[in-house]
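# Architecture at a glance
Chain by chain, the residues run as shown.
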Amino acid sequence: MSELENFVFQSPTKIIFGKNTETQVGAEVSAYGKKVLFHYGGGSIKKTGLYNRIIESLKAAGVEYIELGGAQPNPRLSLVNEGIELCRREKVDLILAVGGGSAIDSAKAIALGVPYNGDVWDFFTGKAEAEKALPVGVVLTLPAAGSEASNSCVITNEDGWLKRGCSSQFNRPAFAIMNPELTYTLPPYQTACGAADIMAHVMERYFTNTTDVDFTDMLSEATLKTIIKHVPIALKEPENYESRAQIMWAGTIAHNDLLSTGRLGDWASHQIEHELSGIYDVAHGAGLAVVFPAWMKYVYHHDVQRFVRFAVKVWNAEQDFFDPKQTALKGIWHLENFFRSIDLPVRLGELGIPDDRIREMADKTKAGEDGKVGNFVKLTHNDVYKILQLAK
Ligand code: NZQ
Ligand code: ZN
């Protein structure tokens, strides 16, 4: 038995949730300054009309804005550096990210870089720790990464195609405006990728060696069940407000650290996936749908009872009391089957990733200070190689 660990839970992001809430963006921004960098992705917000509504709201609040679009999925360091230069030149007070995890992470990295007297990549290699950052505001259009309230920021350095994260309290956005109606226009694939990412954020925390965590276990199971119930509905009825709203809020709770309180999470699947999307530029959620079940198949022996609980509580699997391993495997089967049912890939080949760079991806996977990947089971790079082999 291991007791609930001591913890500090600090989730300062102001969440403004519901219909039409994006009209409040100007007023929220004006609380942080007079001049904002309006940062967004590849243009979906122009097609949906959200871009115009943001500008109207900023103007109505008397906020001066400059804009920088072009944050790509798996956001790039070069655009971050461009944003940093722009903000310094224009003396911007805060950054407003409108979009999904990529626009938000790109904004967070710009916010870290503006006051830093050095290369912003230092924060991603561990060479430096953030001591301050510009405030970041968010209008979320895609429930997935949880970046709207998380302490993390993930950027890809084109030099070596290294995708790396940086965790800091300074990465928590000041506010996040979340209108589920803004997610009606999501392509089904993005809705499904979002589901996989949200579930992965919960499962990374669920598979822990800390045992006295019943409350957060139950919160985690409820979050997973919400996604399992509502994502298929949203895929069939993209304008079902109730389901879109449940998914959006679950996505934030999955990754604002409420579900990590008192426990040490795993995170090996995320580290492994970052190599897939870093090299092959696949959607993060799709990469996780491939990696997570493979990781589970490799590690479930470590704590069969935890996997039995996952199968029974999350998937309502019938418990085989004589053969717990069979029950554990049922949970993994259900997860993989769920991903398939929402048209996600579950094998590397379905992602278009050939076998020939598996060794390279395994060797590049970021390890902790002890040289191992993950916490639930401490993996060597050779274990990671074997997991990727299982994902073929
Ligand atoms: O770029 P635009 O044109 O806006 O289109 C985007 C993009 O093509 C589109 N999209 C977003 N909202 C839409 C929409 N299309 C139609 N209607 C809408 N309402 O969806 C595509 C994917 O967007 P992206 O922001 O890349 O997706 P996501 O939110 O899944 O973010 C993925 C990134 O977040 C990182 C991932 O690694 C990846 O780089 N993560 C960030 C985390 C964090 N900061 O805490 C944690 C996660 O584990 C994750 O690593
Ligand atoms: Zn993720």
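Conventions adopted
Residues numbered from 1 in each chain as written. Chains lettered and ligands numbered in written order. Predicted model: local features only at pLDDT ≥ 70, side-chain atom pairs only at ≥ 80, totals over all residues. Heavy atoms only, no water. Donors = N, O, S within 2.8 Å, 3.2 Å for Na, K, Ca; no water. Helix = DSSP H or I, 4+ residues; strand = E, 2+ residues; numbered from the N terminus. Buried < 20%, exposed > 50% of the residue type's maximum accessible area, 1.4 Å probe, protein only. Pairing = 2+ DSSP bridges. Patch = residues over 30% accessible without salt bridge, like charges linked within 9 Å, V, L, I, M, F, W, Y side chains within 5 Å. Areas by Shrake-Rupley, 256 points an atom, 1.4 Å probe, with all protein chains shown as cover. Salt bridge = Lys/Arg side-chain N within 4 Å of Asp/Glu carboxyl O. Contact = heavy atoms within 4.5 Å. Core = buried A, V, L, I, M, F, W, Y, C linked by side-chain atoms within 4.5 Å. Domains from an automatic or database assignment. Buried area = accessible area lost by both parts, 1.4 Å probe. Near = heavy atom within 4 Å. Polar contact = N/O pair within 3.5 Å; in protein donor to acceptor, adjacent residues only side chain to side chain. Axes fitted to C-alpha atoms, helices over the stretch in contact; angles between N-to-C directions. Parallel < 35°, antiparallel > 145°, perpendicular 65-115°, else oblique. Left-handed = near helix turned anticlockwise from the far one by under 90°. Nonpolar A, V, L, I, M, F, W, Y, C, P; charged D, E, K, R; others polar. Expected span 1.5 Å × (residues − 1).

On to the coordination of the zinc ion (ligand 2), then. Within the first shell, the zinc ion (ligand 2) binds the protein through D197 (OD), H201 (NE2), H270 (NE2) and H284 (NE2), at distances of 2.0 to 2.2 Å. All donors of the zinc ion (ligand 2) come from a single chain, and their spacing in sequence reads D-x3-H-x68-H-x13-H. On the criterion of sequence distance, the pair formed by H201 in helix 7 (residues 188-206) and H270 in helix 10 (residues 268-280) is long-range, its members being 69 residues apart.

Moving on, we get to the pairing of strand 8 (residues 175-178). Because side chains alternate across strand 8, one face comprises the buried residues F175 and I177, and the other comprises A176 and M178, equally buried. With four bridges joining them, strand 1 (residues 14-17) and strand 8 adopt parallel strand pairing. For I15, the partnering residue across the bridge sits in strand 8 and is A176. The pairing of strand 5 (residues 136-140) with strand 8 spans four bridges and is classified as parallel. Bridge pairing links G137 to F175 in strand 8.

Looking now at a nonpolar patch on the surface. Together, L4, F7 and F9 make up an exposed nonpolar region whose accessible area comes to about 280 Å². Here F7 lies in the segment before strand 1. Judged by relative accessible area, which is 45%, F7 ranks as partly exposed.

With that settled, the discussion passes to the environment of A254. For A254, the position within the fold is in the loop between helix 9 (241-253) and helix 10. With a relative accessible area of 0%, A254 lands in the buried category. Measuring from C-alpha to C-alpha, the distance between A254 and V202 comes to 5.4 Å, with 52 residues separating the pair along the chain. For A254, the contacting residues outside a window of four places in its chain are I198, H201, V202, R205, T223 and L259.

Before going further, it helps to examine the nonpolar core. Ranked by size, the top nonpolar core spans 65 residues in total, and within it M199, W295, M296 and F307 carry the most contacts. Those residues in contact with M199 that sit more than four places away from it in its chain are L224, I227, I228, W315, L335, F338 and F339. Core analysis: the next-biggest nonpolar cluster, separate from the first, contains 37 residues, L37, L77, A130 and V138 among them.

Our focus in this paragraph is the environment of K386. Within the secondary structure, K386 sits in helix 15 (residues 381-390). Since its relative accessible area comes to 41%, K386 is described here as partly exposed. Once the C-alpha coordinates of K386 and R347 are considered, the two residues, 39 residues apart in sequence, prove to be 14 Å apart.

A separate point is the domain arrangement of the protein chain. Taken domain by domain, the protein chain comprises domain 1 (14-182) and domain 2 (188-390). Taking only C-alpha atoms, the centre of domain 1 and the centre of domain 2 are 26 Å apart. Listed as interface residues are 30 residues of domain 1 and, on the opposing side, 27 residues of domain 2. Interface area, domain 1 with domain 2, both sides summed: about 2,200 Å², of which 58% is carbon and sulfur.

Taken together, the neighbourhood of ligand 1 is formed by 32 residues, with G42, G101, S102, S150 and K163 sitting nearest. Here S147 contributes a side-chain N or O atom positioned 3.1 Å from a nitrogen atom of ligand 1. A distance of 2.9 Å is found between an oxygen atom of ligand 1 and a side-chain nitrogen or oxygen belonging to H270. Within the complex, 89% of the 970 Å² of free accessible area of ligand 1 lies under protein.

A separate point is the packing of helix 11 (residues 284-299) against helix 15. The interhelical angle for the contact between helix 11 and helix 15, taken along N-to-C directions, is 120°, at an axis separation of 8 Å. When the axes of helix 11 and helix 15 are compared, the pair comes out oblique. The two elements helix 11 and helix 15 meet at a crossing, and its hand is right-handed. Every residue of helix 15 that contacts helix 11 at A294, W295, K297 and Y298 is listed here: D383, K386, I387 and L390. Class assignment of the residues belonging to the contact of helix 11 with helix 15 gives a composition of five nonpolar, no polar and three charged.

Looking now at helix 4 (residues 77-90). The end-to-end C-alpha distance of helix 4 is 20 Å, a good match for the 20 Å that 14 residues give at a rise of 1.5 Å each. Among the residues of helix 4, L77, L79, V80, G83, I84, L86 and C87 are the ones counted as buried. Of the surrounding secondary structure, the elements contacted by the buried residues of helix 4 are strand 2 (35-40), strand 3 (64-68), strand 4 (94-99), helix 5 (101-113) and strand 6 (152-157). Of the residues one or two after helix 4, K91 is the one with positive phi, at around 50°.

Right, let's talk about the sheet that holds strand 4 for a bit. As summarised here, the arrangement of the six strands in space is 1-8-5-4-2-3, forming an open sheet in which the pairing is parallel. Sheet topology places strand 1 and strand 3 at the edges, where each strand pairs with a single neighbour. With strand direction ignored, the average angle separating the axes of adjacent strands in the sheet is 20°. By the bridge criterion, five bridges tie strand 2 to strand 3 in an arrangement that is parallel. Within strand 3, the position partnered with L37 by the bridge is I66.

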